[in-house]
Each structure stands twice: as structure tokens, then as C-alpha cells.
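The primary structure of each chain is shown beneath.
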Amino acid sequence: MSNKIYESGFYNEERKQMFLKGLTPNTLSTFSRVLNRAKMLEEQFGKDLYDFNIYEIEHLISYLNPRTMNSVLSSASIIQNYIRWAIEEDLRLNNLNPLDAIFGQEYYSKFVDRTNKLIFSKEEIDDMTGGLVNFQDSAIIHSIFEGILGKGYSEVLNLTIHDIDNENLSVLLRNNTKSNTWSERKLEVSGELISMLNMAYREEIYYKNNGNPASNLKAPTSKLISNDYVFRSAILNTKADGKADSHLILRRLKKIGEWYQQPFLTAINIRNSGMVYTANRLRQETGKFDKETFDMVCDRYNISKIKNSSDYNASRIRNDFLNIDKIIEIYGEE
């Protein structure tokens, strides 16, 4: 058996290719990433991954720097399957797979990288939005946090002043499901968000850099286009119909993340944070967090429960953030 080390690809390339043969493109990509990252440690330890002991496997999982429980479990499963294959091929020095003795998620939780914040509490969201000069910015964050998003941010971008029901504290949302088609739904929201949406609509000037002077800015403000949409671009950055595109949301969230030194302040993480907050609120009302509560949260955030839908993977969502451990971590026992 050759232990040739390649400058690119895999350690012990021939064996890795034998293992990867026949995998689907999506699975191949995922498995290859883990095996490729393992190469550095295989070189360091002077042996193939299939001969790693439990401590060396732990070193590899930590090196992969997983940010969610789902990522940890996925990587561990790939390593476990690779070692199982090697045992069947009589390649491993013994017939014991170190990961076969590991049961439950508690063991794997220690590998989740918690240095990069992915879930924000309601208080942290309020602190961030409270420091923003433009309601055009703060209302975007609160909208997503309360369940307004849609494909390509379409529920946010399609929102007009006429869709806001001030009396009943609700909004009419349109989600672009396909080109030139959409689905509608009504969503009850907080009075706080209703007020912010109205203030955002009434804004005519956008203060750049959150109102702080910057030497590279030619003008500290820009005039917003006037139309019925709540969230609007500057006059020079609009389409013919005046509706903003998805880049508006991306740009604004990126800037806000930079101001607050939160590189993972993304729409998905804000939405997930809102889901945890909603789950906690329901837990306080009912005294429990069960499947019914879980489904209620997913319904509010318009996450489809169609079987095999890429938008809904109950196991992934539970493992990553929508679980009682995460709720208690963010909001405490009570």
C-alpha cells in the first residue's frame, strides 16, 4: 500500500477514491471536503484517517471548525463511514471503529464553535436596532426577526404601505415562489414592528454609515426614491419600477454587521434567532416545548413542511438551533 502524500487532493489518494466511487454529486462534494481537510492531520500523524484513534478523530473534528451541531454530526458520520468501509476492506489495523462507541449528541456538543455568534437574543436585536439611525435599517432586522423574509427577501421587498394593517397589527406578505408568480399570507406582528415599518416608509433621506462622518463619503446622505414600497433604494440605484432588489438587503445587513462587529448577522441567522425567541415565548405561555410548538414556529416563519423540501429539514433545524437546550442557553430556564 502506498502512503504517497499529494500536494493537492487526498492523503493516500487511491484509497480515498475507492471509497468515494459511486457517490452522488452532492454527497461526493460533502465527503470530499472532510477527507481533503483530513489530509493535513494524516500527514502530521503519518497515517491514513482510517487508522485514527478517538483522540486523533477529535482533533480532526475540531480542526473542521463546525459552527452547528448538524455540521458536527455530518462530519462525524463521514469519518465513521470511512472507517467502517476501511474495516470491511481489511485496511484498518484493528476492527474497532472508535465512533461506533459514541451515542447521543452530548458528546459532540463540545466541538461546536461558539466563538462566532449565530443566534441573537431579543435583547441583543433590540440593542442593535436601537443604535441605528435609519428606520430603513432597523425595520429590516425586526421584520426578518418576526418572520418576514420570503424567497430572495421577496416578502420584505414586496411590502408596501398598503399592506400594513395598523388596526389589527398585521401585514400582507407576497412571497415570489417563481418568476412573476407569488403566494400571499397574512402575518400578525408586534406593534413595535408596525410602528417601525411606518417610520421606514416615511423616511425620505438615508443617512450613510449610520450617520457617522467618513472621509471617503462624497455625501453623507442619499435621497430615497418615492413610491409605495416600505424599503427603498437611493434614487440612482433603482429599477424602472422603483422596486429595490435583493442586493439592498444584503448590503444593509452587511454594513450593520460591520458596525456592530457581527460578521454572521445574516438574514438566515436573524430569522433563526426570531424562531428561538418565538419558541421561548410559546414555551412561557404553555409551559412546554414539544412537536406542536416546533411546528407552530415553522408555520409562522413560512418554512415549508413538504416532505423532502430543501426548506424544511426537521432534524437539521432541531439539531442546529430550535431545541430546548438552545432556548435555555439564550433565554434561561424560566
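Above this note sits the structure.
Reading the values: the criteria
Residues numbered from 1 in each chain as written. Predicted model: local features only at pLDDT ≥ 70, side-chain atom pairs only at ≥ 80, totals over all residues. Heavy atoms only, no water. Core = buried A, V, L, I, M, F, W, Y, C linked by side-chain atoms within 4.5 Å. Buried < 20%, exposed > 50% of the residue type's maximum accessible area, 1.4 Å probe, protein only. Helix = DSSP H or I, 4+ residues; strand = E, 2+ residues; numbered from the N terminus. Contact = heavy atoms within 4.5 Å. 1 Å grid on protein atoms, 1.4 Å probe; cavity = no way out; pocket = protein on both sides within 12 Å on 5 of 7 lines; lining within 4 Å. Points joined across faces, edges and corners; volume = space filled by probe spheres on them. Nonpolar A, V, L, I, M, F, W, Y, C, P; charged D, E, K, R; others polar. Axes fitted to C-alpha atoms, helices over the stretch in contact; angles between N-to-C directions. Parallel < 35°, antiparallel > 145°, perpendicular 65-115°, else oblique. Left-handed = near helix turned anticlockwise from the far one by under 90°. Pairing = 2+ DSSP bridges.

A. Seen up close, the nonpolar core. Core analysis: the biggest nonpolar cluster contains 36 residues, and I141, I144, I148, V171, L197, F231 and L253 have the highest contact counts within it. Secondary-structure elements contributing two or more residues to this core are helix 5 (122-130), helix 6 (135-146), helix 7 (154-157), strand 2 (170-178), helix 8 (191-202), helix 9 (246-259) and helix 10 (267-286). For V171, the contacting residues outside a window of four places in its chain are I148, L159, D163, I164, R185, K186, L187, V189, I194 and L197. Counting 30 residues, the second-largest nonpolar core is a separate cluster that includes V34, A38, I78 and L91.

B. The layout of surface pockets, seen in detail. Volume-wise, the largest pocket comes out at about 580 Å³. Along its surface, the largest pocket is lined by 27 residues, and R114, N319, D320, F321 and K326 are the ones closest to its centre. If you list the elements that add at least two residues to the lining of the largest pocket, you get helix 10, helix 12 (314-320) and helix 13 (324-331). Residues that form the lining of the largest pocket fall into these classes: seven nonpolar, eight polar and 12 charged.

C. Spatial organisation of helix 11 (residues 291-300). Looking at helix 11, one finds that the buried residues are T293, F294, D295, V297, C298 and R300. Those residues of helix 11 hidden inside the fold are in contact with helix 6, strand 3 (181-188), helix 10 and helix 12. With its phi angle positive at about 55°, N302 sits one or two positions after the end of helix 11.

D. Here's a closer look at the packing of helix 6 against helix 10. Following both chains from N to C, one finds helix 6 and helix 10 inclined at 55°, their axes separated by 7 Å at the closest point. Put simply, helix 6 runs oblique to helix 10. Crossing handedness for the pair helix 6 and helix 10: right-handed. Contact residues: helix 6 offers I141, I144 and F145, while helix 10 offers A267, I270, R271, S273, G274 and Y277. Partitioning the contact of helix 6 with helix 10 into residue classes produces six nonpolar, two polar and one charged.

E. Layout of the pairing of strand 2. Note: strand 1 (residues 164-165) against strand 2, two bridges, orientation antiparallel. Paired with D165 across the bridge in strand 2 is S170. In sequence, strand 1 turns back onto strand 2 through a hairpin of four residues, with L169 there showing a positive phi of about 50°. The sheet contact formed by strand 2 and strand 3 spans eight bridges and is antiparallel. Of the residues in strand 3, the one forming a bridge with L173 is R185.

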